[in-house]
Amino acid sequence: MDKHQFLQSFAEQFDETDPETISLETKFKEMEEWSSMVALMIIAMVDENYNKKITGSDLRETGTIEELYERVSAK
Amino acid sequence: MTGNPFFSLQDKHFLVTGASSGIGLCICRSIVASGGKITGTARRGNLLSEMVRELGENNASFIEADLALDEGIDKIAGEVEDIDGLVYAAGISKMSPLKFIKRQNLEEVMNINYFSMVLLLAQLVRQKKIKKNNHSSIVLISSVAQQVGTKSSLLYTGSKGAMSAAGRVIANELSSQKIRVNTIEPGMVQTAMASEMEDVLSSETVEKDKQKYPLGYGTPEDVANAAVFLLSDASRWMTGQSLTLDGGRYKLLD
């Protein structure tokens, strides 16, 4: 798994937010555009790109995109 | 049995698909409690034998088969003895935003929720397994989801919409044999399938959703009671209808 590829795929799920403003340190749940719909997109993206299942609690229990990346890598 | 005989399922035999768990299993219990007999089908034979043990061999039997495959459908239609109707409670749910939908996940959900329902009914009708002119009744477990447009529910909602629409057509085609067809469209019911969905969503989202149900989320018994009514002669003048059971979720607005 590539961390920067993960970041790019993560950022692609947002329609309004400038990808340039999203980094590995971004606390994604504090983003203005974050919603339950985006959460479902992230879950679907991880499934499609990495063939790994994450759940709502994985998103709940991680803060930054990097933390989520680590969590997905460990699965 | 005392009480209103119209509501009794005495001397009636029903096929129930998805009988090993959730709403299907609960419907098996309710049919037997109302005096009827059931043949349950599902993939998991061990759970089906447990169900038969619980309900008694005089009241329940099972056919282990995979409805997703033509062989499974042929097996059920071939082995089941004449029935007074059936409940199609087999189904799966999968959440996915539109842009992640692929032919594979679309086919997976449509296959079990819709194609297999149609193909099983086709075989049962072709083989004349559903008694005619005898108040027979078919009940399809659809979903209130098909009346609205919940985000990320397309795979499931589309399949249930197809099911509800097909129910009306089949009701019309079978009306000359006095075989009735109705659908139940439940809102969120507490089952293992619902817990899986809750796991995907955040608990806050689920809590917020729950609050939109004036009577709270439903239980499998709530759906089973409606199924017993639709299977019984008490509903003998009702066909081609959808019965919404959602604790007031979509009609009672603040």
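The rules behind these values
- Residues numbered from 1 in each chain as written.
- Chains lettered and ligands numbered in written order.
- Predicted model: local features only at pLDDT ≥ 70, side-chain atom pairs only at ≥ 80, totals over all residues.
- Heavy atoms only, no water.
- Pairing = 2+ DSSP bridges.
- Helix = DSSP H or I, 4+ residues; strand = E, 2+ residues; numbered from the N terminus.
- Axes fitted to C-alpha atoms, helices over the stretch in contact; angles between N-to-C directions.
- Contact = heavy atoms within 4.5 Å.
- Parallel < 35°, antiparallel > 145°, perpendicular 65-115°, else oblique.
- Left-handed = near helix turned anticlockwise from the far one by under 90°.
- Nonpolar A, V, L, I, M, F, W, Y, C, P; charged D, E, K, R; others polar.
- Core = buried A, V, L, I, M, F, W, Y, C linked by side-chain atoms within 4.5 Å.
- Buried < 20%, exposed > 50% of the residue type's maximum accessible area, 1.4 Å probe, protein only.
- Salt bridge = Lys/Arg side-chain N within 4 Å of Asp/Glu carboxyl O.

Participant: Help me out: how do you make sense of the sheet that holds strand E7 (residues 242-245) of chain B in this one?
Facilitator: All names here are of chain B. A sheet is described by the order of its strands in space; here seven strands give the open sequence E3-E2-E1-E4-E5-E6-E7, paired in parallel fashion. What marks the edges here is a single partner per strand, and that holds for strand E3 (60-64) and E7. Strand after strand, the sheet turns through a mean of 20 degrees between neighbouring axes, direction not considered. Alignment of strand E2 (residues 37-42) against E3, held across five bridges, turns out to be parallel. Directly across from Ala-42, in E3, lies its bridge partner Glu-64. Contacts from helix H2 (residues 45-55) reach E2 and E3, with the element oriented near 175 degrees to E3. This element, helix H8 (residues 220-231), spans strand E1 (13-17), strand E4 (85-88), strand E5 (137-141), strand E6 (180-186) and E7 of the sheet and lies at about 165 degrees to E6.

Participant: Would you explain the packing of helix H1 (residues 22-33) of chain B against H8(B) in this entry?
Facilitator: Relative orientation and spacing of two packed helices are given, respectively, by the angle between their axes and the distance between those axes. All names here are of chain B. Orientation of H1 relative to H8, taken along the N-to-C sense of each, is 50 degrees, at an axis distance of 8 Å. By the angle between their axes, H1 is oblique relative to H8. Of the two possible hands of crossing, H1 and H8 adopt the one that is right-handed. Taken together, the residues of H8 that come into contact with H1 (itself represented by Gly-22, Ile-23, Cys-26, Ile-27, Ser-30 and Ile-31) are Pro-220, Glu-221, Val-223, Ala-224, Ala-227, Val-228 and Leu-231. Split by residue class, the contact of H1 with H8 holds ten nonpolar, two polar and one charged.

Participant: Any chance you could explain the nonpolar core here in plain terms?
Facilitator: Across soluble globular proteins, nonpolar side chains have a tendency to be buried as a group. All names here are of chain B. Formed by 32 residues in total, the largest nonpolar core has its most connected members in Ile-27 and Met-51. Those elements that place two or more of their residues in this core are E1, H1, E2, H2, E5 and H8. Each residue touching Met-51, except ones within four places of it in the same chain, is listed here: Ala-19, Leu-25, Cys-28, Ile-38, Gly-40, Ala-60 and Ser-61.

Participant: Before we go on, may I ask you to explain the pattern of salt bridges in this structure?
Facilitator: It is possible for side chains of opposite charge to pair when their charged atoms get near one another. Residues and elements named next belong to chain B. Scanning all chains against the criterion turns up eleven salt bridges over all chains. Taking the shortest distance from any N to any O, the salt bridge between Arg-29 and Glu-54 comes out at 2.7 Å. You can see Arg-29 sitting in helix H1 and its partner Glu-54 sitting in helix H2, a full 25 residues away along the chain. Its relative accessible area of 48% is what places Glu-54 among the partly exposed residues. Of the charged contacts in the structure, one is a salt bridge between Asp-84 and Lys-131, with a shortest N-O distance of 3.2 Å. Here the residue Asp-84 occupies a position in the loop between helix H3 (70-79) and E4, and Lys-131 occupies one in the loop between helix H4 (103-126) and E5, the gap between them amounting to 47 residues. Look at Lys-131 and you get partly exposed, because its relative accessible area is 29%.

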